[in-house]
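Each chain, written out:
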Amino acid sequence: MPVAMAGGSSGGGRVLDCRSFWKAGSYEAPAAPTHGFQDALETGDFDRARVHPKFLHTNATSHKWAFGAIAELLDNAVDEISNGATFIRVDKTINSKDNSPMLLFQDDGGGMDPEGVRRCMSLGFSTKKSKTTIGQYGNGFKTSTMRLGADAIVFTCAIRGSNVTLSIGLLSYTFLRRTMKDDIVVPMLDFKIQDREIVPLVYGSQGDWDSSLKIILDWSPFSSKEELLQQFQDVGSHGTKVAVYNLWMNDDGLLELDFEDDDEDILLRDQGSASGGVTKGQKEIVQQHISHRLRFSLRAYTSILYLKKFDNFQIILRGKPVEQICITDELKFKKAVTYKPQVTHDSQVVSVRVDVGFAKEAPILGIFGMNVYHKNRLIMPFWKVFQEGSSRGRSVVGVLEANFIEPAHDKQDFERTPLFLRLEARLKQIIIDFWKEKCHLIGYQPTDPNLRSQYKATLKDSGGSASHVHHKNSSSRRTGGFSSNLLPETYDDVAAAGFPNNGSHLQSTGQAQQNNMDSEGLDEDLVEIGSSGIFDPNFMEKLSEENLALFSRREELRQRDTQLKQTIEDLERELEETKRKCGQLAAELKVRKNHQHLHHRV
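In this numbering scheme, every chain counts its residues from 1 along its sequence in written order. It should be noted that, the model being predicted, local features are given only for residues of pLDDT at least 70 and side-chain atom pairs only at 80 or more, the latter also being counted only at that level, while totals for whole chains, interfaces and linings use all residues. Side-chain metrics rest on all non-hydrogen atoms present in the structure, leaving aside hydrogens and water.

Chemist: I'd love a proper account of the overall build of the chain, names of residues and values included.
Modeler: On a plain count of helices and strands, the chain comes out with 14 helices and 23 strands. In this scheme, a residue with accessible area under 20% of its type's maximum is buried, one over 50% is exposed, and one in between is partly exposed, where area comes from a 1.4 Å probe on protein chains only. Each of the 602 residues in the chain was classed as buried or not, and the buried ones make up 47%. The contact rule is simple, with two residues in contact once any of their heavy atoms fall within 4.5 Å. Look at the contacts in the chain between residues 6 or more apart in sequence, and 70% of them connect residues 24 or more apart. Secondary structure elements are defined from DSSP: runs of H or I of at least 4 residues count as helices, runs of E of at least 2 residues count as strands, and each element is numbered from the N terminus.

Right, here's the structure in full:
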């Protein structure tokens, strides 16, 4: 048994006998003694509902994915942007009592006053009713911290009027389990700044305050009140710091979160196996794509976690800011489709924009799916509306913000309501329509009979087995003898969900269809279309080689950019040092001149 899994001796070293999250809830809860109910009746304590510690674990199982739990804590900081937050820092730190790793979250938001932190640590309480804030159930902090580790300690500082308060709260599953509690006890400590001094703020009795301090010192990573107060030094005048410790392990006794393989990332252990791809080059492209990396890389996941890029806010992961990625910018042959869901009969008309296009690596990269956001937050990344195994929709990726439906409690899915089922059906239709219109642009034979006949006629006229389609101008493209112009298209969700028989938007006369390709999609200078079957292997191999070359070139440019930045930093430091030395020499020269001047006068 690994050392970290064994029952420790004291303090932060006290851990549960079982450190696997999915097994930590399987234990026999102690039965409450009969006389306990009589005591509760006599003290009046029987009037309140009691929550058994086992519920903390049961409640946390709503998070099947550790990164989903981390996203909950990021959401809390993002919601604080309206209160002045400019960053959320996620990092690894060390528990000084047993030298084990802890997961640290720190923001510079408005912080919580004593009442606010008690609401945060309570179950099911939330004051978030805004149409813009992500949190709403009042349960995210408890489920997320308990999903990541057995224990969490919160430090928060707030300014309310002229009052500056500091609060500490301990949510410890280990403490509750090891002491055989049959009720959830959350010790809290409060302080206030008075005459520039930190003094205890006692709401109940001094005995209760002292008891909370003892529990926190016994079961947290900190051994004294002075150590606790030191945690506020880098928080500033307002903000919140959360340390999650006794992190969960897998069945092999290894931490579920991997801090060692990448100094600038936090990885999910055993989640990075690649799938898809035929050749070594294709597998490398798949492994580097965001749709694959987000499953095990926190940096990749957080890069697309929010739809809109922040103006004055950063997610700082292990000391390095996360670069936000807009999935729409990563698509080619893009098209914008307007979807009008029928929310309720008496509600206002809702209009949703769906951006759809091919992945830049198409057709080599077979990944496909819709990225569905809710109130700016990613809920379903690369949701496969179609089942895998079908060529329909291959490499088609979409993005939309569905604020008209509510996410599940873990914010990783939507409840399968009739409204959601109608959305799913409409997205299938949008993907089918897009595929039929544009699959030939990535090397597939046109599916529409009219397009196919024009395509074959063009091949016959050219006298070759393949045609090269060149970029003509910024507003249209010739492809197999027809042109695609930039015009929007609108779907309406009034009729029942269903698909047209042929899915074609071409007129029967074979005239050109009006499309909504933006200029970025038209920047493709050359498209080679295979003539045999559905797909030309030579074309795919050529694209594979070109994509691999572009991938290698991109990595070279990134390395060169990093080297140039480092060179600039070195030169700037050298310049500053030279300026400093010049200043010193100028000062010395001035002193010598003054000295010589005085000497001549004497």
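Chemist: Tell me what's going on with the sheet that holds strand E3 (residues 149–160), and back it up with residues and numbers.
Modeler: We treat two strands as partners when DSSP finds at least two bridges between them. With mixed pairing, the 9 strands of this open sheet are ordered in space as E6-E5-E4-E3-E7-E2-E1-E10-E11. With one partner strand each, in any of the chains shown, strand E6 (197–200) and strand E11 (320–321) form the two edges of the open sheet. Across 4 bridges, the pairing between strand E1 (residues 87–94) and strand E10 (residues 314–317) is parallel. What sits directly across from Arg89, in E10, is Ile316. Fitting a line to C-alpha atoms yields each axis, with helices limited to the stretch in contact; the angle taken between N-to-C directions then spans 0 to 180 degrees. Set on the sheet, helix H3 (residues 66–78) makes contact with E1, strand E2 (101–107) and E10; between it and E2 the angle comes to about 25 degrees. Each of E3, strand E4 (163–172) and strand E5 (188–194) touches helix H4 (residues 114–121); the most contacted strand, E4, lies at about 20 degrees to it.

Chemist: For the packing of H3 against helix H5 (residues 140–148), give the residues involved together with the corresponding values.
Modeler: Axis separation between H3 and H5 bottoms out at 8 Å; the angle between their running directions is 140 degrees. The angle between H3 and H5 falls in the class oblique. In this structure, H3 crosses over H5, and the sense of that crossing is left-handed. Here Ala66, Ala69, Ile70, Glu72 and Leu73 of H3 come into contact with H5, specifically with Gly140, Phe141, Ser144, Thr145, Arg147 and Leu148. For this classification, the nonpolar set comprises Ala, Val, Leu, Ile, Met, Phe, Trp, Tyr, Cys and Pro, the charged set comprises Asp, Glu, Lys and Arg, and every other residue, Gly included, is treated as polar. For the contact of H3 with H5, a count of residues per class yields 6 nonpolar, 3 polar and 2 charged. Reported orientations rely on four angle classes, namely roughly parallel under 35 degrees, roughly antiparallel over 145, roughly perpendicular from 65 to 115, and oblique for the rest. Note on convention: near helix rotated counterclockwise from far helix by under a right angle means a left-handed crossing. Clockwise means right-handed.

Chemist: Explain the pairing of E1 to me, and be specific about the residues and the numbers.
Modeler: Bridge count between E1 and E2: 7 bridges; the pairing is antiparallel. Each residue of the ladder has a partner; that of Val90, found in E2, is Phe105. Between the end of E1 and the start of E2, which pair antiparallel, lie 6 residues, with Asn99 showing a positive phi angle near 65 degrees.

Chemist: Tell me about the packing of aromatic side chains, and name the residues and values.
Modeler: For this analysis, a ring pair means two rings from Phe, Tyr or Trp (six-membered ring only for Trp) whose centres lie within 6.5 Å, classed as stacked if their planes differ by under 30 degrees, edge-to-face if by over 60, and tilted for the remaining angles. Within the structure shown, the criterion is met by 16 aromatic pairs. Ring centres of Trp65 and Phe67 lie 5.3 Å apart, and the angle between their planes is 55 degrees; this geometry places the pair in the tilted category. Assessed through its relative accessible area of 0%, Phe67 is described here as buried. Where Phe67 meets Tyr301, the ring centres are 6.1 Å apart and the plane angle is 15 degrees; that geometry is what we call stacked. Of the two residues, Phe67 is situated in helix H3 and Tyr301 in helix H11 (residues 298–303); the sequence distance between them amounts to 234 residues. Across this residue pair, the class does not change: Phe67 and Tyr301 are buried. Put simply, the rings of Phe333, Phe358, Phe434, Trp435 and Tyr444 touch in pairs and so form one group of aromatic residues.

Chemist: Tell me what's going on with unusual backbone geometry, and back it up with residues and numbers.
Modeler: Pro363 follows Ala362 through a cis peptide bond whose omega is 0 degrees. As for its placement among the helices and strands, Pro363 is situated in the loop between strand E13 (352–359) and strand E14 (369–374). Of note in this structure, Arg318 is not a glycine but carries a positive phi near 55 degrees. Residue position: Arg318 is located in the loop between E10 and E11. A relative accessible area of 16% means that Arg318 is categorised as buried.

Chemist: Run through H4, naming residues and quoting values.
Modeler: Listed as buried for H4 are Pro114, Gly116, Val117, Cys120 and Met121. Buried residues along H4 cover an arc of 160 degrees about the axis, so they all sit on one side. Those residues of H4 that are buried lie in contact with H5, E3, E4 and E5. Directions drawn from the helix axis to the C-beta atoms are what define this arc.

Chemist: So what's going on with the confidence of the model for the chain? Which residues, and what values?
Modeler: Of all residues in the chain, 69% attain a pLDDT of 70 or more, and the chain-wide mean is 77. The pLDDT value expresses, per residue, how confident the predictor is, ranging between 0 and 100. Low confidence marks residues 124–138, where pLDDT is under 50. Its contacts with residues over four positions away, or in another chain, come to 34 contacts. Scored below 50 in pLDDT, residues 464–537 shows 176 contacts in the model against residues more than four places distant or in partner chains.

Chemist: Report on the pairing of strand E12 (residues 331–340), specifying residues and quantitative values.
Modeler: Most of E12 is tucked away: 8 of the 10 residues are buried. In the sheet, E12 pairs with E13 via 7 bridges, with the strands oriented antiparallel. Along E13, the bridge assignment pairs Tyr339 with Val352.

Chemist: Let's hear about the environment of Gly236: which residues, and what values?
Modeler: With respect to the helices and strands, the residue Gly236 is situated in the loop between helix H8 (225–230) and strand E7 (239–247). Here the alpha-carbon distance between Gly236 and Thr156, two residues 80 residues apart in the chain, equals 9.9 Å.

Chemist: Please provide a residue-by-residue account of the nonpolar core, values included.
Modeler: Proteins that are soluble and globular tend to have nonpolar side chains buried together. Counting 91 residues, the largest nonpolar core has Val90, Leu103, Phe105, Leu148, Ile153, Ile168 and Leu228 as its most contacted members. Looking at this core, the element that brings in the most residues is H3, giving 9 residues. Among residues more than four places away in sequence, those in contact with Val90 are Leu74, Leu103, Leu104, Phe105, Ile266, Leu298, Ile316, Leu317 and Arg318. Grouped together as the second largest cluster of nonpolar side chains are 35 residues, Val352, Ile379, Phe386 and Leu427 included. Note on terminology: a nonpolar core comprises buried Ala, Val, Leu, Ile, Met, Phe, Trp, Tyr and Cys residues joined through side-chain atoms within 4.5 Å.

Chemist: Would you mind going over the pattern of salt bridges in detail, with residue names and values included?
Modeler: Within this document, salt bridges are pairs made up of a side-chain nitrogen of Lys or Arg and a carboxyl oxygen of Asp or Glu, the two lying within 4 Å of each other. Applying the stated criterion across every chain, the model contains 21 salt bridges. Where Asp75 meets Arg377, a salt bridge forms, and the shortest distance between an N and an O atom there is 2.9 Å. Taken together, the residues Asp75 in helix H3 and Arg377 in strand E15 (residues 377–383) connect sequence positions 302 residues apart. Asp113 serves as the salt-bridge partner of Arg160, at 3.8 Å between the closest nitrogen and oxygen. In this pair, Arg160 is assigned in strand E3 and Asp113 in the loop between E2 and H4, connecting sequence segments 47 residues apart. One network of salt bridges, in which partners are shared, links Arg89, Asp234 and Lys241.

Chemist: Outline the environment of Ala158, supporting the account with residue identities and numerical values.
Modeler: Relative to the helices and strands, Ala158 is located in strand E3. Placed 34 residues apart in sequence, Ala158 and Lys192 show a C-alpha to C-alpha distance of 9.8 Å. With residues up to four places along the chain from it excluded, the contact list for Ala158 reads Gly110, Gly111, Met112, Asp113, Asn163, Val164, Thr165 and Ser237.

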